[in-house]
Amino acid sequence: MSTALANQPADRATREASRLQTARTWLPVGSAIALLALIAWAIVAGMSGSPAGTIASTSGAVAVTVAWSTGLVGITARLRQLDEARAS
């Protein structure tokens, strides 16, 4: 039983690393889909002469880009922490 308790932190770290790897894979995919939708919205808004729609879609694209880069940096930093903890 003590072995099972001793392995719990390692198992949790492995599961967390797996989830983070999955998130690191899917984050760019979801961000790209959102960016494409926002670009399409900006084109349609621009063609219909809606400056408010163009501004909203452009600011949305900037927000998606910032969220993607922040998320990627956070995920990478946490994965490094987990690797360092495993190595020591």
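Look a little higher up for the structure.
What you see is a predicted model, and the numbers here were worked out from it, not measured in a lab.

**A short note on the pattern of salt bridges**
Pairing of side chains with opposite charge becomes possible as their charged atoms draw close. Evaluated as defined, the whole model comprises two salt bridges. Two residues, Arg78 and Glu16, come together in a salt bridge whose shortest N-O distance is 2.8 Å. Of the two residues, Arg78 is situated in helix α2 (residues 51–87) and Glu16 in helix α1 (residues 2–47); the sequence distance between them amounts to 62 residues. Of the residues examined, Arg78 reaches a relative accessible area of 30% and is grouped as partly exposed. Here Arg86 ties to Asp83 by a salt bridge, and the two come within 4.0 Å at their closest N and O atoms. One end of the pair, Arg86, and the other, Asp83, are both in helix α2, three residues apart, so they sit about a helical turn from each other. For Arg86, a relative accessible area of 48% puts it in the partly exposed group.

Here is what the cut-offs are and how they apply
- Residues numbered from 1 in each chain as written.
- Predicted model: local features only at pLDDT ≥ 70, side-chain atom pairs only at ≥ 80, totals over all residues.
- Heavy atoms only, no water.
- Salt bridge = Lys/Arg side-chain N within 4 Å of Asp/Glu carboxyl O.
- Helix = DSSP H or I, 4+ residues; strand = E, 2+ residues; numbered from the N terminus.
- Buried < 20%, exposed > 50% of the residue type's maximum accessible area, 1.4 Å probe, protein only.

Such coordinate-based values are descriptive only and should not be taken to indicate function.
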